[in-house]
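# Examining the three-dimensional arrangement
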Amino acid sequence: MAQMNVFLFAPNLIGYIRVVLGLLSFYLMPSCPWPAISCYLLSFLLDEVDGSVARAMDQCSRFGAMMDMLTDRCATTCLLLNLSLLYPSYTFLFQLSLCLDISGHWLYMHSSSIKGSASHKTIDLSENPVLRVYYTNWTFMLVVCYGYELFFCLLYLLHHLQEPAAWFYWLLGLCGIICLLKTFINLVHLVTAAQDIAALDAADREKRQ
């Protein structure tokens, strides 16, 4: 039987499109706000599409999962870098948010891999109650993830709009609250993963004694 080429799995092909859209968005951000944010959001929305395709076609892969996470983290990083240029007084807050986002997701995915989980989204129901709600309530997770990204996108657009409508500020405020919630969840990811890895270290030391 010929070996399947994971790089050519349908969801991974969609992942490559996400990468191209992200790069195009970064290139356009300094001068073309609407095309830039359109490419950014389309790349973000395709994250749902490639996941659905992977499950439907039984083409889930470690490579695809890692590419998805790296694409998400790199996209958010580049957007926050741009926001730091547009709103220099808030640079520290953008940096703090970014540190929690990257470190929380990376350490949690790493701890899941060490424990032998098929995915970082496969959670033991005895684990942290915040993460249990986050990963078992699909609607809640979508609202939190979309609201988090949309908040930064709206901040970017706010800088380029002459006279934003009232609904724009209402949406910005709502997404700001969701962004705070997502930042808290990122912190929970970090703490929970650190505790899991420390527990594994302790168990390994006990076996050697």
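First, a word on scope: everything that follows refers to the structure included in this document.

What counts and how
- Position labels on residues start from 1 in each chain and follow its written sequence.
- Only residues with pLDDT of 70 or above have their local features reported here, since the model is predicted, and side-chain atom pairs are shown and tallied only from 80 upward, although totals for entire chains, interfaces and linings are computed over all residues.
- Where side-chain values are given, they derive from all heavy atoms of the structure, hydrogens and water being excluded.
- Where helices and strands are cited, they refer to DSSP runs of H or I of at least four residues and of E of at least two residues respectively, numbered from the N terminus.
- Only C-alpha atoms enter the radius of gyration; for comparison, a globular chain is expected to reach 2.2 Å times N to the power 0.38, where N is the number of residues.
- Contacts were defined at the residue level, with two residues in contact if any of their heavy atoms lie within 4.5 Å.
- Working definition of accessibility: Shrake-Rupley area with a 1.4 Å probe, residue cover restricted to the visible protein chains.
- Under the counting rule used here, the positive set is Lys and Arg, the negative set is Asp and Glu, and His together with the chain ends is not counted.
- The atom standing in for a charge is NZ when the residue is Lys, CZ when it is Arg, CG when it is Asp and CD when it is Glu.
- To qualify as a nonpolar core, a set must consist of buried Ala, Val, Leu, Ile, Met, Phe, Trp, Tyr and Cys residues joined through side-chain atoms within 4.5 Å.
- Working definition: with a 1.4 Å probe on protein chains only, accessible area under 20% of the residue-type maximum means buried, over 50% means exposed, and in between means partly exposed.
- A side-chain nitrogen of Lys or Arg and a carboxyl oxygen of Asp or Glu constitute a salt bridge if their distance falls within 4 Å.
- Helix span, as expected, comes to 1.5 Å for every residue beyond the first.

### A look at the overall build of the protein chain
Tallying secondary structure elements over the protein chain gives 7 helices and 0 strands in all. Ordered by position from the N terminus, the helices and strands of the protein chain form the series α-α-α-α-α-α-α. Here the protein chain has a C-alpha radius of gyration of 19 Å; the compact-globule value for 209 residues is 17 Å, and the two agree. Each principal axis of the C-alpha distribution contributes one length, and for the protein chain these read about 65 × 45 × 30 Å. Once local pairs closer than 6 in sequence are excluded, the contacts in the protein chain between residues at least 24 apart make up 72%. In the structure as shown, the protein chain presents an accessible area of about 12100 Å², 69% of it carried by carbon and sulfur atoms. Looking at charge distribution, the protein chain has the averaged site of its 11 positive side-chain charges lying 6 Å from that of its 15 negative ones.

### Some words on the nonpolar core
Core analysis: the largest hydrophobic core is formed by 25 residues, its most contacted members being Leu79, Leu83, Phe94, Phe151, Phe152, Leu155 and Tyr156. Listing elements by their share of this core, those giving two or more residues are helix H2 (33-56), helix H3 (62-86), helix H4 (91-114), helix H6 (138-160) and helix H7 (166-208). Looking at this core, the element that brings in the most residues is H6, giving 9 residues. Those residues in contact with Phe151 that lie beyond four places of it in its chain are Leu172, Cys175, Gly176 and Cys179. Core analysis: the second largest hydrophobic core is formed by 11 residues, Leu131, Tyr135, Ile185 and Val188 among them.

### Examining the environment of Leu157
Mapped onto the secondary structure, Leu157 falls in helix H6. For Leu157, a relative accessible area of 7% corresponds to the buried category. Here the alpha-carbon distance between Leu157 and Tyr90, two residues 67 residues apart in the chain, equals 16 Å. In this view, Leu157 contacts Pro33, Trp34, Ile37 and Phe168; residues no more than four positions away in its chain are not counted.

### So, the side chain of Thr192
Take Thr192: it is sitting in helix H7. We classify Thr192 as buried; its relative accessible area is 7%. Sequence-distant contacts of Thr192, defined by excluding residues within four places in its chain, comprise Tyr108, Asn128 and Leu131.

### Quick notes on the pattern of salt bridges
In this structure the tally under the stated criterion is 4 salt bridges. Residues Asp47 and Arg18 are paired through a salt bridge, measuring 3.5 Å at the closest nitrogen-oxygen approach. You can see Asp47 sitting in helix H2 and its partner Arg18 sitting in helix H1 (residues 10-28), a full 29 residues away along the chain.

### As for H2
With 24 residues, H2 extends 35 Å between its outermost C-alpha atoms, agreeing within 8% with the 34 Å of an ideal straight helix rising 1.5 Å per residue. Considered for burial, the residues of H2 that qualify are Pro33, Ala36, Ile37, Cys39, Tyr40, Ser43, Phe44, Leu46, Asp47, Asp50, Gly51 and Ala54. Against H1, H3 and H6 lie the buried residues of H2. Positioned one or two residues after H2, Asp58 has a phi angle of 55°, which is positive.

Shape is all these values report; function is a separate question.
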